[in-house]
Amino acid sequence: MNQITQMFCNQHTIFGPDCIGQLKFILSSPPLPTLLFTHRSFLTSERWQLLEPEIRQHLTAIVTVSGEASPQQLTDWVDEHRATAQRVLAIGGGSVLDAGKAFSTLCCHPLPVIRYMEKIGDTPLNGDRLPLIAVPTTAGTGSEVTQNAVVTDQQQYQVKASLRHPRLVPDIALLDPTLLRHCPPALLTACGIDAFTHLFESWLSSKSTLFSRQFSLQGMSLFVQAWPDLARGDQRGDTAREKMMMSSWLGGLSLSIAGLGVIHGIAGEVGACLPWHHGEVCGRLLMPFLTLCQQTDDPQQAASLNSLHRTLFPEVNGIHPATWLAEWLRSAAPADIWRQPPLMTLQQRSTILRQAGNKNSRMNYSAEQRAFMLSESWPVV
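Everything in this summary refers to the structure shown in the same document. (Residues numbered from 1 in each chain as written. Predicted model: local features only at pLDDT ≥ 70, side-chain atom pairs only at ≥ 80, totals over all residues. Heavy atoms only, no water.)

Right, let's get into empty space enclosed by the protein. For the structure shown, the criterion picks out two cavities of 30 Å³ or more. Surrounding the largest cavity, F200, L290, L305, L308, H309, L312, F313, P321, A322, W324 and L325 form its lining. If you list the elements that add at least two residues to the lining of the largest cavity, you get α11 (299-312) and α12 (321-332). In this model, the second largest cavity occupies a volume close to 70 Å³. (1 Å grid on protein atoms, 1.4 Å probe; cavity = no way out; pocket = protein on both sides within 12 Å on 5 of 7 lines; lining within 4 Å. Points joined across faces, edges and corners; volume = space filled by probe spheres on them. Helix = DSSP H or I, 4+ residues; strand = E, 2+ residues; numbered from the N terminus.)

In this structure, the second largest pocket occupies an estimated 170 Å³ of space. Taken together, K119, I120, Y157, Q158, V159, E269, A272, C273, T351 and Q355 make up the full set of residues lining the second largest pocket. Elements with a minimum of two residues in the lining of the second largest pocket: α9 (262-273) and α13 (346-355). Sorting elements by how many residues they give to the lining of the second largest pocket places α9 first, with three residues. Looking at the lining of the second largest pocket, its residues break down into five nonpolar, three polar and two charged. (Nonpolar A, V, L, I, M, F, W, Y, C, P; charged D, E, K, R; others polar.)

On to the packing of aromatic side chains. Evaluated as defined, the whole model comprises 13 aromatic pairs. Relative to W77, the ring of F37 has its centre 5.5 Å away and its plane inclined at 80°; by these criteria the two rings are edge-to-face. Separated by 40 residues along the polypeptide, F37 in strand β2 (residues 34-38) and W77 in helix α4 (residues 71-81) bring together distant segments of the chain. With respect to burial, F37 and W77 carry one shared label: buried. A centroid spacing of 5.4 Å and a plane angle of 20° characterise the contact between F196 and F200, whose relative ring orientation is stacked. With F196 and F200 both in helix α6 (residues 185-204), this residue pair falls four residues apart, about one helical turn. In terms of burial, F196 and F200 fall into one category: buried. (Phe/Tyr/Trp six-rings, centres within 6.5 Å; stacked < 30°, edge-to-face > 60°. Buried < 20%, exposed > 50% of the residue type's maximum accessible area, 1.4 Å probe, protein only.)

Turning to the pattern of salt bridges, a few remarks are in order. Counted according to the given criterion, the structure contains 16 salt bridges. D122 is the salt-bridge partner of R115, the closest N and O atoms lying 2.7 Å from each other. Since its relative accessible area comes to 33%, R115 is described here as partly exposed. On the basis of relative accessible area, D122 is assigned to the exposed category, the value being 56%. Between D238 and R181 there is a salt bridge whose closest N-O contact spans 3.3 Å. With a gap of 57 residues between them, D238 in helix α8 (residues 235-258) and R181 in the loop between β8 (172-175) and α6 connect regions that are remote in the sequence. A cluster of three or more residues bridged by salt bridges with shared partners is formed by D18, R47 and D176. (Salt bridge = Lys/Arg side-chain N within 4 Å of Asp/Glu carboxyl O.)

With that settled, consider the environment of H309. By the secondary structure assignment, H309 is in helix α11. Exposure remark for H309: the relative accessible area of 9% places this residue in the buried category. Sequence-wise, H309 and W324 are 15 residues apart; in three dimensions their C-alpha atoms are separated by 8.8 Å. Contact partners of H309, with chain neighbours within four places excluded, come to P314, V316, P321 and W324. (Contact = heavy atoms within 4.5 Å.)

Structural measurements only, silent on function.
The following block contains the structure:
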């Protein structure tokens with residue numbers, strides 16, 4: 001079947017240790033009143049103490065983001081800063097980058113954010129936005145290169161959905177792996193498994209093409225090289241974090257082209273009602289998904305898994321690819337994010353299952369199989 005592939009990417013990508021130092025030149029060319037989105041931990045870091053004097057003159061204000069932005073937060077930020085901000089700089093993890101991306105476009109649109117959100121909105125974005133610079137401080141979401149900004153409402157609407165448009169890809173992405181040095185091992189692990197899930201689901205996607213699979217495969221190859229050393233404090237750790245940051249960027253690119261699958265079809269609904277880290281949610285769902293992969297008799301999916309295994313682990317034979325992958329991911333992880341899962345109520349479980357779907361999975365996973373993934377991931381009280 002012939003498929004046409006489309007790719008939307010940053011106009012300017014800067015990659016390498018300490019490249020965040022380029023910000024002072026970027027913000028001066030041209031100088032524009034810039035609103036900074038970031039998180040509290042970055043503002044207390046040594047890196048910010050060095051950076052702040054160099055860019056202070058360009059900043060109109062600083063918005064501190066503590067989690068996935070809600071519609072009300074975005075409305076408040078737009079009301080407060082629309083008149084003064086002419087450019088957006090987002091420095092942080094996926095939630096910070098998504099908040100900055102959402103703000104940059106909502107400043108240029110007249111309707112409430114709910115009207116533009118997937119799942120519940122009724123109006124498409126027109127692509128207008130403020131100039132946008134993204135600097136990730138974690139390696140997982142790939143938000144610095146994606147076409148979407150996640151918005152979460154756990155109160156009124158109980159929905160986690162995206163604002164989406166090709167123009168939401170930031171103009172400039174600065175990928176500085178030294179920003180990962182002080183991340184706790186558990187955070188590095190949760191974000192890293194999110195990056196892997198993006199790449200893995202894109203690889204297995206019904207929308208994957210020869211073009212998209214090259215990005216997915218390269219990203220997973222870098223992930224395998226980085227995963228065991230990700231939390232080390234030496235040169236091997238620096239090299240691993242550099243590879244993981246590239247893997248995350250490739251994951252964002254892959255999912256933008258090929259889409260995601262049932263893991264994210266469930267994870268999005270978990271995030272709509274529970275304040276759990278998205279990467280850890282994906283990591284927990286990944287393990288029972290790999291169990292389902294062991295049981296599949298679909299020849300195309302089996303061929304994809306076998307091909308991937310031969311590339312990533314050519315020395316490993318005589319074991320099912322999904323079995324080996326699950327064992328290796330857990331044994332080589334920088335931190336065990338699978339111990340002591342939080343509890344889920346029966347009502348939450350029912351709500352999640354009612355809304356969950358397969359997204360772009362090649363396989364059509366049944367309601368029973370999705371329930372299996374959920375129950376294997378979190379105990380019910």
